[in-house]
Amino acid sequence: GLLARAMSGYSWYASKGPADRAYAAQSAVSILASAIIGALYAEALGQLPATLEARHFETTPTHTLGISINIGLCVYEIVLYVAHGKPVQFWAHHVLSLCALGSGVVTGHMCQLLAWEGLVELTNIPLCTVTLMQNVPRLKASGAYVVAGASLWLAFLALRVVSLGW
């Protein structure tokens, strides 16, 4: 596709096998998709009244769009991982996510909670950046790699440990 053609000029990309090229392309796609999903979820969190009933039983088009894109990303990653023979521990959580996200879209319930939990998708931005940079020796040795790694650690701590633990 277009992304593969754009990346084919990079020697590290061209020298990799099909699975590694697919994972590199997946990282690039995931950076963009995660930014969109995170922005939609952040916007959705402010759209409902802060009542218990609204949090459990109401939804907005922004919730539905964020959840729908998240579902698409889950399906994309499951297909990619299964097609390239990744073990089940790499994609099983995506199947569970599909069940939770799908129930939110179908019933319209718990969408506020799904949006809050969905903010963890923002950790994929530094994760995929680190993953891509690991393939390019000059980038891996740069200060940008350290910044990306620190961003991953901070995002993980803020969005997965503190936020979801709260």
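Refer to the structure presented above.
Residues numbered from 1 in each chain as written. Predicted model: local features only at pLDDT ≥ 70, side-chain atom pairs only at ≥ 80, totals over all residues. Heavy atoms only, no water.

**Q** It is not clear to me how helix α7 (residues 111-118) should be interpreted in this structure. Could you clarify?
**A** Because the α-helix completes a turn every 3.6 residues, residues three or four places apart line up on one side. Looking at α7, one finds that the buried residues are C111, Q112, L114, A115 and G118. Looking straight down α7, one finds its buried side chains confined to an arc of 160°; they lie on one side. Those residues of α7 that are buried are in contact with α3 (18-45), α4 (52-57), α5 (61-83) and α6 (92-107). (Buried < 20%, exposed > 50% of the residue type's maximum accessible area, 1.4 Å probe, protein only. Helix = DSSP H or I, 4+ residues; strand = E, 2+ residues; numbered from the N terminus. Arc of directions from axis to C-beta. Contact = heavy atoms within 4.5 Å.)

**Q** Explain the packing of α3 against α5 here, please?
**A** Between two packed helices, both the angle of their axes relative to each other and the distance between the axes serve to describe the pair. Two elements in contact, α3 and α5, have axes separated by 9 Å at closest approach and are oriented at 160°. In terms of axis orientation, α3 runs roughly antiparallel to α5. For the pair α3 and α5, the sense of crossing is left-handed. Classifying every residue of the contact of α3 with α5 by side-chain character gives 17 nonpolar, seven polar and two charged. (Axes fitted to C-alpha atoms, helices over the stretch in contact; angles between N-to-C directions. Parallel < 35°, antiparallel > 145°, perpendicular 65-115°, else oblique. Left-handed = near helix turned anticlockwise from the far one by under 90°. Nonpolar A, V, L, I, M, F, W, Y, C, P; charged D, E, K, R; others polar.)

**Q** When you look at the packing of aromatic side chains in this model, what are you seeing that I'm missing?
**A** This model, assessed by the stated rule, comprises one aromatic pair. Sitting over the face of the ring of Y23, K86 holds its NZ or CZ atom 4.6 Å from the ring centroid. Directly above the aromatic system of Y81 lies the positively charged group of K86, at a separation of 4.9 Å from the ring centroid. (Phe/Tyr/Trp six-rings, centres within 6.5 Å; stacked < 30°, edge-to-face > 60°. Lys NZ or Arg CZ within 6 Å of the ring centre and 35° of its normal.)

**Q** Explanation requested: the nonpolar core in the structure shown.
**A** For soluble globular proteins, nonpolar side chains are generally found buried alongside one another. By size, the foremost hydrophobic cluster in this structure holds 13 residues, and its most contacted members are Y41, I67, L101 and A115. Residue assignment for this core shows that the elements contributing at least two residues are α3, α5 and α7. Broken down by element, this core gets its largest block of residues, five residues, from α3. (Core = buried A, V, L, I, M, F, W, Y, C linked by side-chain atoms within 4.5 Å.)

**Q** So what exactly am I meant to see when it comes to unusual backbone geometry here?
**A** For residues that are not glycine, phi is negative in most cases, and the peptide bond is trans in most cases. At M110, a position not held by glycine, the phi torsion is positive, near 65°. Note on placement: M110 falls in the loop between α6 and α7. Overall, the relative accessible area of 30% leaves M110 in the partly exposed class.

**Q** Can you help me understand a nonpolar patch on the surface in this one?
**A** Residues W153, L154, F156, L157, V161 and V162 make up a contiguous nonpolar surface patch of roughly 590 Å² in combined accessible area. By the secondary structure assignment, V161 is in helix α10 (residues 143-165). Residue classification places V161 among the partly exposed residues on the basis of a relative accessible area of 44%. (Patch = residues over 30% accessible without salt bridge, like charges linked within 9 Å, V, L, I, M, F, W, Y side chains within 5 Å. Areas by Shrake-Rupley, 256 points an atom, 1.4 Å probe, with all protein chains shown as cover. Salt bridge = Lys/Arg side-chain N within 4 Å of Asp/Glu carboxyl O.)

**Q** Teacher, can you tell me more about the packing of α5 against α6 here?
**A** In the contact formed by α5 and α6, the axes pass within 10 Å of each other and the chain directions differ by 155°. Taken together, the axis directions place α5 and α6 in an arrangement best described as roughly antiparallel. The two elements α5 and α6 meet at a crossing, and its hand is left-handed. Here I67, S68, N70, I71, C74, V75, E77, I78 and Y81 of α5 lie close against α6, whose contacting residues are H94, V95, S97, L98, L101, G102 and V105. Residue composition of the contact of α5 with α6, by class: ten nonpolar, five polar and one charged.

**Q** Would you mind going over the environment of E43 with me for this structure?
**A** With respect to the helices, strands and loops of the structure, E43 is situated in helix α3. A relative accessible area of 47% means that E43 is categorised as partly exposed.

**Q** Could you clarify how one ought to interpret the side chain of Q112 in this entry?
**A** Tracing the backbone shows Q112 in helix α7. Under the relative-accessibility criterion, Q112 is labelled buried at 8%. Within the structure, the side chain of Q112 is placed 3.0 Å from the backbone oxygen of L45, a separation counted as a polar contact. Not counting chain neighbours up to four residues away, the residues in contact with Q112 comprise A44, L45, L48, R55 and H63. (Polar contact = N/O pair within 3.5 Å; in protein donor to acceptor, adjacent residues only side chain to side chain.)

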